[in-house]
Amino acid sequence: MPTSLHLLADAPAQLLPARELMAFTLASHIILVPLGVAFPFITLVMHYRGLRRKDATALLLARRWSAVMAVQFALGIVTGTVLSFEFGLLWPGLMGRWGDVFGVGFGVEAWAFFLEAVLIAIYLYGWRRLKPRTHFLLALPLPFAALLGAFGILAANSWMNTPQGFSLDSEGNPVDVNVWKAIFTPMFGPQYWHFVMAMVLTAGFMVAGVYAVGWLRGRRDHYHRLGFAVPFTIAAIAAPVQFVLGDSIARSVFHKQPVKFAAMEIVWKTDTRVPEYLFGRLHENGTVSGGIKIPLLDSFLAGFSANTEVRGLTSVPADQRPTAVQATIAHWAFDIMVLIGSALLLLALWYGFIRLRHRRLPASRWFYRAAACAGVASVVAVECGWIATEVGRQPWIVYQNMRVAEAVTSTRSTTLWIMLGVVMVVYVFLFGSFLVVLLKMRTRWRLADAQQTPSGSPMPEADIPYGPRGSLPADDVPTAGPGAGRAGGEGP
Amino acid sequence: MTADLIAMVLLLAVTAYACAGGTDYGAGFWDLTAGGTERGRRPRWLIDRAMAPVWEVNNVWLIFVLVIMWTGFPVLFETVFSAMWLPLALAVVGMVLRGAGFALRKPTQRLAGRRLYGAVFAVASLLTPFFLGAAVGGVASERVAPGTELSADVWTGATSLVFGLVAVAVTAFLGAVFLIGDARRFDAPDLVGYFRRRALSSLAVLTVLAVVTGWVTHEDAPYIWHGLTRGLGLFFVLVAGVAAVATAWLLLRSPGTWARVTAVAVVASAVIAWGMAQRPYLLPTSLTVADAAGASGTLTWLAVVTLVALVVVVPAVVLLYWLDSRGELEELTDSELRRPGRAAGDGAAPDG
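Residues numbered from 1 in each chain as written. Chains lettered and ligands numbered in written order. Predicted model: local features only at pLDDT ≥ 70, side-chain atom pairs only at ≥ 80, totals over all residues. Heavy atoms only, no water.

1. Details of the overall build of chain A
- Secondary structure summary: chain A contains 15 helices and eight strands in total.
- In chain A, buried positions account for 58% of the 492 residues.
- For chain A, contacts bridging at least 24 residues in sequence account for 77% of all contacts bridging at least 6. (Helix = DSSP H or I, 4+ residues; strand = E, 2+ residues; numbered from the N terminus. Buried < 20%, exposed > 50% of the residue type's maximum accessible area, 1.4 Å probe, protein only. Contact = heavy atoms within 4.5 Å.)

2. Some thoughts on the overall build of chain B
- Looking only at helices and strands, chain B has 14 helices and two strands in total.
- Here the C-alpha radius of gyration of chain B, 22 Å, is about what a compact globule of 352 residues would show, namely 20 Å.
- Looking at the 352 residues of chain B, the share that counts as buried comes to 60%.
- A separation threshold of at least 6 residues defines the contact pool for chain B, and within that pool the share at least 24 residues apart is 78%.
- A total of about 13,100 Å² of accessible surface is found on chain B, and carbon and sulfur atoms cover 71% of it.
- Of the side-chain charges in chain B, 25 are positive and 24 negative, and the distance between the mean point of each set is 10 Å. (Rg over C-alpha atoms; globule rule 2.2 N^0.38 Å. Areas by Shrake-Rupley, 256 points an atom, 1.4 Å probe, with all protein chains shown as cover. Lys, Arg positive; Asp, Glu negative; His and termini not counted. Charge placed at Lys NZ, Arg CZ, Asp CG, Glu CD.)

3. Quick look at the packing of helix 3 (residues 55–72) of chain B against helix 4 (residues 74–83) of chain B
All names here are of chain B.
- Packing of helix 3 against helix 4 leaves a shortest axis separation of 5 Å and a crossing angle of 115°. For the pair helix 3 and helix 4, contact is made by Leu 66, Met 69, Trp 70, Thr 71 and Gly 72 and by Pro 74, Leu 76, Phe 77, Val 80 and Phe 81, respectively.
- The class makeup of the residues in the contact of helix 3 with helix 4 is eight nonpolar, two polar and no charged. (Axes fitted to C-alpha atoms, helices over the stretch in contact; angles between N-to-C directions. Nonpolar A, V, L, I, M, F, W, Y, C, P; charged D, E, K, R; others polar.)

4. What about the packing of aromatic side chains?
- Summed over all chains, the structure comprises 50 aromatic pairs over all chains.
- With a centroid separation of 5.8 Å and 45° between ring planes, the pair formed by Phe 24 of chain A and Tyr 427 of chain A is classed as tilted. With Phe 24 of chain A in helix 2 (residues 15–52) and Tyr 427 of chain A in helix 15 (residues 413–455), this pair connects stretches of sequence that are 403 residues apart.
- On the basis of relative accessibility, which here comes to 22%, the residue Phe 24 of chain A falls in the partly exposed class.
- The buried category is assigned to Tyr 427 of chain A, whose relative accessible area is 3%.
- Pairwise contacts between aromatic rings join Phe 85, Phe 87, Trp 98, Phe 102, Phe 106, Trp 159 and Phe 166 of chain A together with Trp 70, Phe 77 and Phe 81 of chain B into one cluster. (Phe/Tyr/Trp six-rings, centres within 6.5 Å; stacked < 30°, edge-to-face > 60°.)

5. Examining the packing of helix 11 (residues 231–252) of chain B against helix 12 (residues 257–278) of chain B
Residue and element names in this part refer to chain B.
- One can describe the packing of helix 11 onto helix 12 by two numbers: an axis separation of 8 Å at closest approach and a directional angle of 160°. What the angle tells us is that helix 11 and helix 12 run roughly antiparallel. In this structure, helix 11 crosses over helix 12, and the sense of that crossing is left-handed. On helix 12, the residues that touch Leu 232, Gly 233, Phe 236, Val 237, Val 239, Ala 240, Ala 243, Ala 244, Ala 246, Thr 247, Leu 250 and Leu 251 of helix 11 are Trp 258, Ala 259, Thr 262, Ala 263, Ala 265, Val 266, Ser 269, Ala 270, Ile 272, Ala 273 and Met 276.
- Tallied by class, the residues present in the contact of helix 11 with helix 12 amount to 19 nonpolar, four polar and no charged. (Parallel < 35°, antiparallel > 145°, perpendicular 65-115°, else oblique. Left-handed = near helix turned anticlockwise from the far one by under 90°.)

6. Brief notes about the confidence of the model for chain B
All names here are of chain B.
- For chain B, the average pLDDT comes to 82, and 93% of its residues sit at 70 or higher.
- Here residues 341–352 is a poorly scored stretch, pLDDT under 50, and it has 26 contacts once near neighbours within four places are set aside; other chains count.
- This complex was scored by the predictor with a pTM of 0.85 and an ipTM of 0.85. (pLDDT = per-residue confidence, 0-100.)

7. With respect to unusual backbone geometry
- Cis geometry is adopted by the peptide bond preceding Pro 395 of chain A, which originates at Gln 394 of chain A and carries an omega value of 0°.
- The amide bond that connects Arg 279 of chain B to the next residue, Pro 280 of chain B, takes the cis arrangement and shows omega of -5°.
- Within the secondary structure, Pro 280 of chain B is located in the loop between helix 12 and strand 1 (281–283).
- Notably, Glu 142 of chain B is not glycine yet its phi reads approximately 60°, a positive angle.

8. Details of a nonpolar patch on the surface
- Judged by side-chain polarity, Leu 307, Leu 310, Val 311, Val 314, Val 318 and Trp 322 of chain B come together as a nonpolar surface patch covering roughly 590 Å² of accessible area.
- Looking at the element boundaries, Leu 307 of chain B is found in helix 14 (residues 296–325). (Patch = residues over 30% accessible without salt bridge, like charges linked within 9 Å, V, L, I, M, F, W, Y side chains within 5 Å. Salt bridge = Lys/Arg side-chain N within 4 Å of Asp/Glu carboxyl O.)

9. Side note on the nonpolar core
Residue and element names in this part refer to chain A.
- Counting 281 residues, the largest nonpolar core has Trp 91, Phe 228 and Phe 232 as its most contacted members.
- In terms of residues, this core owes the most to one element, helix 4 (residues 92–125), which gives 22 residues.
- Among residues more than four places away in sequence, those in contact with Phe 232 are Gly 204, Phe 205, Ala 208, Leu 347, Tyr 351, Phe 367 and Ala 371.
- By size, the runner-up hydrophobic cluster in this structure holds nine residues, among which are Ile 30, Ala 146, Ala 198 and Trp 386. (Core = buried A, V, L, I, M, F, W, Y, C linked by side-chain atoms within 4.5 Å.)

10. A short note on the pattern of salt bridges
Residue and element names in this part refer to chain A.
- Summed over the entire model, instances satisfying the criterion amount to eight salt bridges over all chains.
- The shortest N-O distance in the salt bridge between Arg 251 and Asp 247 comes to 2.6 Å. Of this pair, Arg 251 and Asp 247 both sit in helix 9 (residues 222–256), separated by four residues, roughly a single helical turn.
- The exposure class of Arg 251 is buried, given its relative accessible area of 17%.
- The class of Asp 247 is partly exposed, set by a relative accessible area of 36%.

11. Quick look at the environment of Val 423 of chain A
- Structurally, the position occupied by Val 423 of chain A is in helix 15.
- Here the alpha-carbon distance between Val 423 of chain A and Phe 243 of chain A, two residues 180 residues apart in the chain, equals 35 Å.

12. Some words on the confidence of the model for chain A
- Residues at a pLDDT of 70 or more form 90% of chain A, whose mean pLDDT is 81.
- Residue range residues 454–492 of chain A is modelled with pLDDT below 50. Its contacts to residues more than four positions away, or to other chains, number 75 contacts.

13. Quick word on the environment of Trp 386 of chain A
Residues and elements named next belong to chain A.
- Topologically, Trp 386 is positioned in helix 13 (residues 365–391).
- Sequence spacing of Trp 386 and Phe 334 is 52 residues, and the spatial spacing of their C-alpha atoms is 9.2 Å.
- Setting aside residues up to four positions removed in sequence, Trp 386 forms contacts with Ala 23, Leu 26, Ala 27 and Ile 30.

14. With respect to the environment of Val 245 of chain B
All names here are of chain B.
- Of note, Val 245 is situated in helix 11.
- When its relative accessible area of 58% is taken as the criterion, Val 245 is described as exposed.
- Spatially, the C-alpha atoms of Val 245 and Ala 263 are 9.8 Å apart, while their sequence positions differ by 18 residues.

15. A look at helix 5 (residues 85–105) of chain B
- With 21 residues, helix 5 of chain B ought to run about 30 Å at 1.5 Å a step, and its terminal C-alpha atoms sit 30 Å apart, in line with that.
- Burial runs high along helix 5 of chain B: 18 of the 21 residues are buried. (Expected span 1.5 Å × (residues − 1).)

16. A closer look at the side chain of Ser 160 of chain B
All names here are of chain B.
- Structurally, Ser 160 can be placed in helix 8 (residues 158–185).
- With a relative accessible area of 0%, Ser 160 lands in the buried category.
- Ignoring sequence-local partners within four residues, the contact set of Ser 160 consists of Gly 133, Ala 134, Gly 137, Gly 138, Val 154 and Trp 155.

17. What about the state of the cysteines?
- Counted under the stated rule, the structure contains zero disulfides over all chains.
- Not engaged in a disulfide, the cysteine Cys 373 of chain A finds its nearest cysteine sulfur in Cys 384 of chain A; these two sulfurs lie 16 Å apart. (Disulfide = S-S within 2.5 Å.)

This is the structure we're talking about:
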């Protein structure tokens, strides 16, 4: 107790707002990341299906998804730019000392991201004029660019967890940097694949969830079935893979970051035959209250034997490990993530069973209710996974080499609190507007579909994607009175 | 050696951002000054249309700049972000609002909503380059050194003020010149003249500001003044001057693609002149390239990464700009997002 009070008193006043600001902006950005990384892939699968089977509905879905992608990707760029500024605005100490050790990963990320921005622009705006084949082929590198971007970010983050590839001189500054070692740190592999799968899974469930809601409301045509089945199948394939990867990364944490593992499992003393707690709360004196205790399970999970020794938090001095509160947060985040992951696995198995056995989509309303929630649940799981890895590393920003308190900016805490307030207001506006825009798009499409279906009138040629490559129709230029709508032109 | 190379890459990335991002901010500037809803309808329509396919790419250059800064010159990054905290924080808030305003304006159909997002986008387009310019001005006028703490006078000096204004004028100039070409491309002859007048007047403003900048740097930023008046610095100043005259001439005659080239040359040479004048310093008179350089292994790898980026990204960017300038890139219209007339669905239940 006294130690932790002492630590709190030592921490500079700007640490808390800086941390909150970083946490808030990153937590918001993370919501968009699955869409940024895996949505293009899912859209391309749909696009391929549309081209291959000459399925106009699949092509329509791909087009509509790309319209959503346009807005979402723009917001992702914006919130991502904020993060790269925050490295300097909030953690100048981290970048000043370690920038040249772990920065090359970001370099890879920057150009991968650049490539992604270019390709996405071509894809989004290429529907009308490019030849179908050219259009599809130009978009094919997109998922790879996304994977490469994730590579850079995860290299940097895993380096913070298990830093290596340098030695320290007498003043404690890094010398003899080995870039290769600094990128491929012990935690890199497990973190990277776990992350990529999480993105595919989350994006799949998020997109499918929209159509699951439609199914529940009685919209069960080809359009909704397709919109549900393609992303859900992708997610359902990813779910079991993710379960295995998740299990393996937990064991990597156990081996490479024992203190974080102890926090995630609230293990106080190093011991064998350690019980597993589901939830529960760790106190400063090492006792655990609440939660469900399962004897021996933690040792068993860590090393497949009840005799596996698990290091506890007390194996390092109090100022080098997460506090009891932090450990509890990491523990809850970890448990929630695992629970959600298991639930999603069951859902995926349910789906897989019916698909393979009966060659159709599930018919149960409960299945679609669960599927509708799966998107949100997987976003929660992603957030929890991130919280577990970041809070579990405390008080270090670079594990065992730099404390968060040493990295923080010297800007006055008042300024930072104001900045946090401003950013929160702006982000609420941003994400609120994003949601409103998405809902408006949906309503508009639904209205358009409702009008279109009965009349069945063919559309003017210029409006058919991949149509004739003539000049723009003259009526594209807005000349009508106010309220006539958007630039860019309306159909009739 | 490698450090000099990376410093050059950094300067070129800054130049690219100044040109690409500048054009983009400039479009926002003309959006802001286009007048009321009715009067500004056509210019805004053109701006929206011209910017949409390329604005994201234009802005990604900045991420490049930041990454090269913190990987290649960690101390520079730390120092600049500590000393210039406020202008940079304001700039990033501006960027968020701008990007969001632009991205959200397009899919919004109600006039009130479009107005709100449009205003946010336009105002932020003005403020962001100003604050970025002010930060650069603070660096140029020797107000930033390793260890400098955040304080108002670091970025509110005369040079900062002038650089901020120059940044805004540059964006307006580039924006107008590029929009002339877009107006022609989208068959809007009235807007060609409209933006030609604006390009010429912003070039005039820019010329006046250039003279003021010379005078202010002479007083306030002696090292930069010294560098700009001799050697490579002077050379690029002269190139910028020649390019400006050429642009004016082209604008008066028949503005075509060449006006774009000369306009970019004006801005690029000005930025490079600043970089040359600063040599060998990253932060004039306190931090040299050699002192700020990160670990040599990292710099080598950063050079490799940059080379790969050149090989991979440049063709992609060229392809994008090429497709864009040929009018191959076009937004999906609403009717394309409707279901095809002959319902493809098996229609178990009508949708709606």
